[in-house]
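Close look at the chain arrangement
Each chain, letter by letter, is given below.
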Amino acid sequence: MKVTPLAADALSRRCDLSLLQFQTTDELQELPELPGQSRAIEAVRFGIGIKRQGYNLFALGSPGTGKHAMIREFLARSASDGSAPLDLCYVNNFDDPQRPKALRLPPGVAVTLRADMSELVGDLRAAVPTLFESEDYRNRRHVIEEEFKTRHEEIFEKLQERAKAKNLALVRTPMGFAVAPVRNGAVVSPDDFEKLPAPEQQQIQKDMEELQAALEDTIRQLPLWEKERRERLRDLNRQVVTFVVGHHIDALRARYRELQEIVAYLGAVERDVVENFDAFLAAPADKASPGDADGLPSRSRNDGRFRRYQVNVLVDSTGAKGAPVVYEDNPTYLNLVGAVEHLAEMGALVTDFGLIKGGSLHRANGGYLVLDAHKLLTQPFAWDALKRSLRSKEIRIETPGQMLSLVTTVSLTPEPVPLDIKVVLVGERWLYYLVSALDFEFHELFKVAADFEDDMQWDADSTAAYAQLIAAIARRENLHALDRDAVARAIEHGARLADDSSKLSMHIAQLADVLREADYWASEAGRTIVKAEDVDRAIRASRRRSDRISDRSREMIQRGLILIDTDGAKIGQVNGLSVLNLGTMTFGKPSRITAKVRLGRGEVVDIERQVELGGPIHSKGVMILSAFLAARYATDQPLSLWASLVFEQSYGGVEGDSASSAELYALLSALADLPIKQSIAVTGSVNQHGDVQVIGGVNEKIEGFFDVCAERGLTGQQGVLVPAGNTQHLMLRQDVVDAARAGRFHVFAVRTIDEGIELLTGVPAGERDAKGQFPEGTVNRLVEDRLMGLAERRRRFATLPTGGAES
Amino acid sequence: LSETTSPSDYRRILVALDASRESQAALEAAARLAARLEAELLGLFVEDVDLLNLAALPFSREVPLLSRTSHILQPEQVERELKSRAAMARRALAEIAAAFHVDWSFRIARGRVETELVAAAKDADLVALGKGTRPLSGHVYLGSTGRAIAARTIRSVLFATMTSGSADAAVAAVYSEDRRSGEALALAARLTKHDGRPLAVFVLGDSPSALARLEAGAREELQSMGVSGSVQRVNGTGLAGLLRAVQTTSISLLVVGANAPPSDTDLALETLVEQSACSILLVRG
């Protein structure tokens, strides 16, 4: 059962140079598609190809696996076969200005229509006033005015004549008219009236009453005549304006005769101009400048009176080839579905159809919209808005206030636009599963998942493909070509990134970083070809840049501030290994784990857990230890110990079960009273049978202990005990490999706790014989005897009278 | 005073006030004129004795324009109304005079409107009153008061309109064979010179040679006054040509020499006042 150190070659896999049949990456062809992502590629191809509702795509995977680039490349390819999107513009709804009309027009037409409408307004502003100043119009208007003036005067003259015939007169009063008796052109005074004979007075009174009645009738008639006059003038104006407007709009109608939407709109414009021709007569609201980019007076565009005839172009597809592919980098609610903006006028916020702003859904309509899922989901209301649009297949522009029914002020409700779009969400895997679990609509709307691999198998084929990938990155990034050794080194680094000697990382971004930095170092060295040493230097330099915390940690160990022994042997004490993940930097470091035992009720106390510094997985590992002890050593008697386990000098919390084997070794050492070699650090989790199981971060852990030992001086006794299952993950640094090859550092792979304890104590673990006994002097026998002793003592305690003492 | 005054010596401008919109227009136009000519405003409010007499009759009724039924005219109510209107007129005069920095006085007279105005005109150089406006229809007309002032005084008269365009619009003068043409042109020139408004001169003549001569005369006078202006020939001495010119030019005030008292131009004056949108200043005497 003796465990021997792993051979140096087993500590890191080297790339087989014979598989790289080139001198530099310049000779390599670019891959048609990303290697190792066949599942995702199939899904993307399917998702883009299928034209059914709900078949939107979610590309999931770790950041930097090339999802975005691949999605865009596929979409660009697919979009180039599609047709250019329709133009979209909003125009005034003359029947209901609160509900602007959307016009979807062939590519390029919206901008032309906008220019035509601007020109039309300019033309009408010149033509309408000219018409109203014409002799013909003045004459026709004069005729109407005169007719009513005459009618007016005639009726008053008749009244005056009737009055005069009876010595009466119409007199203006503060509020209207009155009938007065007159003599010699003056109203009869009351005194003179009194002097008149009674019959004459009565006659005057009677005449006045009659004339007053006639006057009342006449005055009642006046408003009706005035109304009639206004209507006649309005009719005249309509006729005149219709003539000039019709003339101009007919030309536009002819131009757009194939587009019924525009023809209908022009009809509405014509009716509106006729109804509101006054606007074309009034003085401009602002001073006109000589001209603008359109060659039209700027007032025709800016004058508020004519905004109603503008065309607000949201999507202009002039010259567009293929379907649109839009990536919305900031998928806020408003950036997605658009907004109705407002202007402050006289202290109030006002809006109209000209202030409708399109969103990325508008721009991508008829094509593809790519969104970052995390950004989308962290923007208030954006996710709901996207789902609503996809479900209803239309884009409805509402302010968040309207959407939530929080605002009841009058605003615009633009006509919804039909939506035909394929949305591609790109996000991390956890996000996909989280949304799947929490949003029941998610799968209805995003039926296709493209799951991007984090790594790919490292074999002969993939070695060549990976080399091509490296060549492609170098080409895309305008880097110097890499020679064969540099590529091999980069491939090995790919395996290290994958933390697996049989895999290659698909984190393209990380790989690209190394290649960029290697290119830099090659340039610094005056080389035009990147060599293996440049790649090595890039890896080292990158690590060095972010290695400060790791350095400080080791420094504290060297100074004795953190107690770590790397030689000698101690009872109940073992060097565990942990991994710290700080941003882009991951490093391993040793931690002292100690165990103490005494008589008790079968409890193994995890001090970390007691003080809430231990996570649930760590606690689970410790509880497994209890179960292991009970199952192996105390199947027919109570487990009568109280043991405590602690990560010494750990103040930041412990999680994971990778130290559970180390904790068990410490516990066994304490029970058996056997010292553990401090020159060997331990990692690995353990199950109830005592099997050592794989853990993560094995490379970092080994290197972490190696660095501590190396700084103190390698003795040849030092090493790390790892689970046998982790040997396939070993991609250790070259200096570690070199030390192992020289016999100055060792990596041991163990399958069971027994193998490990033997190595750590130098004492055989021992197996039960035919009688079920462990051999004398073995670790297991010592542990079992100790536990039996504790059980016996406990039994004796139990039989003592209350308050008694052990004798 | 019975002698007439040259426009350049206008010192007293009588304004007929009755607190109506028309009289407010007259007040504004008169105040603007007074400011340019450094003249004084004489406000006159006439308590119409005809109206008071009528109200004193027990059976007199008023037919309001804005109501469907008539009501009895109460003397106390009319008195109150007249007092109130006089106060409003005085206040308006004070405000506008202050705005234009002109001296002013205000007087209330009781009597017949035409009689009192004609009497008061004797102490003034110019009488300003609003053009009449027909109730509801808004048609402009000369009005009995305007007709009386034109007929029974020899003073210059300003018929102000409520729609005389912007204050920046041109001032126009009629230049013809009339002996007062020079004075009209001089007055118009003085008004425009003061505030920088454009000056338009309508030359009226009955023959091409007369027109040419008059145009040359007008230009010479403008030059001598150091004023620039557009000179436009109007064919014929008739009213139609002048009206067309007035209607197609954006002007706020037309200054024209006229007979006093008017003879056969009586009807022409009425037509000119009614069919031109601008204010009309008749330079008479």
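Since this is a predicted model, take the numbers as computed values, not measurements.

Attention now moves to the overall build of chain B. In terms of helices and strands, chain B carries nine helices and 14 strands. A burial count over chain B gives 53% of its 285 residues as buried. Expressed as a percentage of contacts within chain B between residues at least 6 apart in sequence, the contacts between residues at least 24 apart total 78%. Surface exposure of chain B reaches about 12100 Å², of which carbon and sulfur atoms provide 50%.

Taken together, the 31 residues of chain B in the interface contact 38 residues of chain A. Taken together, both faces of the contact between chain B and chain A bury some 3100 Å²; the carbon and sulfur share is 61%. Where chain B meets chain A, there are one salt bridge. Residue Lys149 of chain A is joined to Glu274 of chain B by a salt bridge in which the shortest nitrogen-to-oxygen separation is 3.0 Å. Joining chain B to chain A, the criterion identifies six residue pairs in polar contact (both at pLDDT 80 or more). Elements with a contribution of two residues or more to the side of chain B that touches chain A: helix H2 (49-56), strand E3 (61-64), helix H3 (75-100), helix H8 (239-247) and helix H9 (266-275) of chain B. By residue number, the principal contributor to the side of chain B that touches chain A is H2 of chain B, which donates five residues. Its residues assigned to classes, the side of chain B that touches chain A shows 12 nonpolar, nine polar and 10 charged. Examined bridge by bridge, strand E5 (residues 176-183) of chain A and E3 of chain B share three bridges and lie antiparallel to one another. Across the sheet, residue Gly176 of chain A finds its bridge partner in E3 of chain B, namely Pro64 of chain B.

Here we come to the pairing of strand E8 (residues 325-328) of chain A. Residues and elements named next belong to chain A. The alternating pattern of E8 places Val326 and Glu328 on a buried face, while none of Val325 and Tyr327, on the opposite face, is buried. Summarising the sheet, E8 and strand E13 (residues 368-372) pair through four bridges and their orientation is parallel. Looking at E13, one finds that Glu328 is bridged to Leu371.

Turning to helix H1 (residues 38-49) of chain A, a few remarks are in order. All names here are of chain A. Relative to the 16 Å expected for 12 residues at 1.5 Å per residue, H1 spans 16 Å between its end C-alpha atoms, a close match to the ideal helical length. Every buried residue of H1 is accounted for by Ala40, Ile41, Ala43, Val44, Gly47 and Ile48. Down the axis, H1 shows its buried residues gathered within 165° of arc, on one side only. Away from the buried face of H1 by more than 90 degrees, exposed residues Arg39 and Glu42 are located. On its buried face, H1 sits against strand E1 (57-60), helix H2 (67-80), E13, strand E16 (422-427) and strand E17 (448-451).

We now examine the side chain of His362 of chain A. All names here are of chain A. Tracing the backbone shows His362 in helix H11 (residues 360-364). Exposure remark for His362: the relative accessible area of 3% places this residue in the buried category. Not counting residues within four places of it along the chain, the set of residues in contact with His362 comprises Leu88, Leu314, Val315, Val337, Ile395, Ile397 and Val417.

Grouped together as the largest cluster of nonpolar side chains are 128 residues, with contacts concentrated most on Met117 of chain A together with Leu41 of chain B. Residues within four places of Met117 of chain A in sequence aside, it is in contact with Leu252, Tyr265, Leu266, Val269, Tyr309 and Val311 of chain A. Core analysis: the next-biggest nonpolar cluster, separate from the first, contains 58 residues, Met456, Ala474, Ile491 and Ala495 of chain A among them.

Only a minority of non-glycine residues have a phi that is not negative, and only a minority of peptide bonds are not trans. All names here are of chain A. If you check the backbone angles, Gln649 has positive phi at about 55° while not being a glycine. Along the chain, Gln649 turns up in the loop between strand E26 (641-647) and helix H24 (660-672). Its identity as a non-glycine residue notwithstanding, Asp673 has a phi of 60°, on the positive side. Along the chain, Asp673 turns up in the loop between H24 and strand E27 (675-677).

Think of a pair of aromatic rings as described by two things: how far the centres are apart, and how the planes are tilted against each other in angle. All names here are of chain A. One pass over the structure, following the stated rule, counts 20 aromatic pairs over all chains. Judged by centre distance (6.1 Å) and plane angle (50°), the ring pair of Tyr633 and Phe774 falls under tilted. Of this pair, Tyr633 sits in helix H23 (residues 616-633) while Phe774 is found in the loop between helix H27 (753-761) and helix H28 (779-799), placing the two residues 141 residues apart along the sequence. Take Tyr633: its relative accessible area is 2%, and that puts it in the buried class. A residue is classified by how much of its surface remains accessible, and Phe774, at 4% relative accessible area, is buried. Each residue in the set Phe58, Trp383, Tyr432, Tyr433, Phe442 and Phe446 is aromatic and connected to the rest through ring pairs, giving one cluster. A cation over an aromatic ring shows up here: Arg537 above the ring of Trp521, its NZ or CZ 3.9 Å from the ring centre. A cation sits over an aromatic face here: Arg598 above Trp642, 4.4 Å from the ring centre.

With that settled, the discussion passes to the sheet that holds strand E28 (residues 680-682) of chain A. Residue and element names in this part refer to chain A. Here we have seven strands laid out as an open sheet, ordered E25-E26-E24-E23-E28-E31-E32, and mixed in their pairing. The outermost strands of the open sheet, each flanked by one partner alone, are strand E25 (603-606) and strand E32 (746-750). Sheet twist, expressed as the average angle between the axes of neighbouring strands with direction ignored, equals 30°. Pairing geometry for strand E31 (residues 719-723) and E32, over five bridges, is parallel. Across the sheet, residue Val720 finds its bridge partner in E32, namely Val747. Its contacts with the sheet place helix H25 (residues 698-712) against strand E23 (573-582), strand E24 (585-599), E28, E31 and E32, and it is angled at close to 80° to E24.

Residues and elements named next belong to chain A. In space, the five strands of this open sheet follow the order E8-E13-E16-E1-E17, with parallel pairing throughout. Pairing within the sheet leaves two strands with one partner each, and these edge strands are E8 and E17. The sheet shows a mean angle of 20° between the axes of neighbouring strands, direction not considered. Against the sheet, helix H15 (residues 429-438) touches E1, E16 and E17, its axis set at about 135° to E1.

Right, let's talk about the side chain of Asp116 of chain A for a bit. All names here are of chain A. Position of Asp116 relative to the elements: it lies in helix H3 (residues 109-132). In this structure Asp116 comes out as buried when scored by relative accessible area, which is 8%. If we skip the residues at most four places from it in the chain, Asp116 touches Leu252, Arg255 and Tyr256.

A word on the confidence of the model for chain A. Taken as a whole, chain A shows an average pLDDT of 89; of its residues, 95% reach a score of 70 or greater. Note that pLDDT drops below 50 for residues 285-301 of chain A; the model gives that stretch 25 contacts with residues more than four away or on any other chain.

The next thing to look at is the pattern of salt bridges. Counted by the stated rule, this structure contains 79 salt bridges over all chains. Across the pair Glu145 of chain A and Arg229 of chain A runs a salt bridge, and its minimum N-O distance is 2.8 Å. Of the two residues, Glu145 of chain A sits in helix H4 (residues 135-165) while Arg229 of chain A sits in helix H6 (residues 198-255), which places them 84 residues apart along the sequence. For the pair shown, Glu145 of chain A and Arg229 of chain A are each scored as buried. For Asp125 of chain B, the salt bridge identified is with Arg12 of chain B, shortest N-O distance 3.2 Å. Within this pair, whereas Asp125 of chain B is found in the loop between helix H4 (113-121) and strand E6 (126-130), its partner Arg12 of chain B is found in strand E1 (residues 12-17), the two being separated by 113 residues in sequence. On the accessibility criterion, Asp125 of chain B (4% relative accessible area) is buried. On the accessibility criterion, Arg12 of chain B (26% relative accessible area) is partly exposed. What you see here is one network of salt bridges that share partners, running through Arg496, Arg544, Asp547, Asp551, Arg554, Glu700, Glu703, Asp707, Glu711, Arg733 and Asp735 of chain A.

Right, let's get into the environment of Leu54 of chain B. For Leu54 of chain B, the location among the structural elements is in helix H2. Through-space distance from the C-alpha of Leu54 of chain B to that of Leu73 of chain B is 8.0 Å; in sequence the pair is 19 residues apart.

Let us look at the environment of Leu120 of chain A. Along the chain, Leu120 of chain A turns up in helix H3. Taking C-alpha positions, Leu120 of chain A is 7.8 Å from Ile249 of chain A, a pair spaced 129 residues apart along the chain.

Residue and element names in this part refer to chain A. With 15 residues, helix H18 (residues 484-498) should cover 21 Å at 1.5 Å per step; its first-to-last C-alpha distance of 21 Å lies within 8% of that length. Burial within H18 is extensive, with 11 of its 15 residues counted as buried. Within H18, the full set of buried residues consists of Ala486, Val487, Ala488, Ala490, Ile491, Glu492, His493, Gly494, Ala495, Arg496 and Ala498. You can read the cap of H18 off the contacts: a side-chain oxygen lies 3.2 Å from the backbone nitrogen of Asp485, and it is on Asp483. Immediately downstream of H18, the backbone of Asp499 shows phi near 60°, a positive value.

Thresholds applied
- Residues numbered from 1 in each chain as written.
- Chains lettered and ligands numbered in written order.
- Predicted model: local features only at pLDDT ≥ 70, side-chain atom pairs only at ≥ 80, totals over all residues.
- Heavy atoms only, no water.
- Helix = DSSP H or I, 4+ residues; strand = E, 2+ residues; numbered from the N terminus.
- Buried < 20%, exposed > 50% of the residue type's maximum accessible area, 1.4 Å probe, protein only.
- Contact = heavy atoms within 4.5 Å.
- Areas by Shrake-Rupley, 256 points an atom, 1.4 Å probe, with all protein chains shown as cover.
- Buried area = accessible area lost by both parts, 1.4 Å probe.
- Salt bridge = Lys/Arg side-chain N within 4 Å of Asp/Glu carboxyl O.
- Polar contact = N/O pair within 3.5 Å; in protein donor to acceptor, adjacent residues only side chain to side chain.
- Nonpolar A, V, L, I, M, F, W, Y, C, P; charged D, E, K, R; others polar.
- Pairing = 2+ DSSP bridges.
- Expected span 1.5 Å × (residues − 1).
- Arc of directions from axis to C-beta.
- Core = buried A, V, L, I, M, F, W, Y, C linked by side-chain atoms within 4.5 Å.
- Phe/Tyr/Trp six-rings, centres within 6.5 Å; stacked < 30°, edge-to-face > 60°.
- Lys NZ or Arg CZ within 6 Å of the ring centre and 35° of its normal.
- Axes fitted to C-alpha atoms, helices over the stretch in contact; angles between N-to-C directions.
- pLDDT = per-residue confidence, 0-100.

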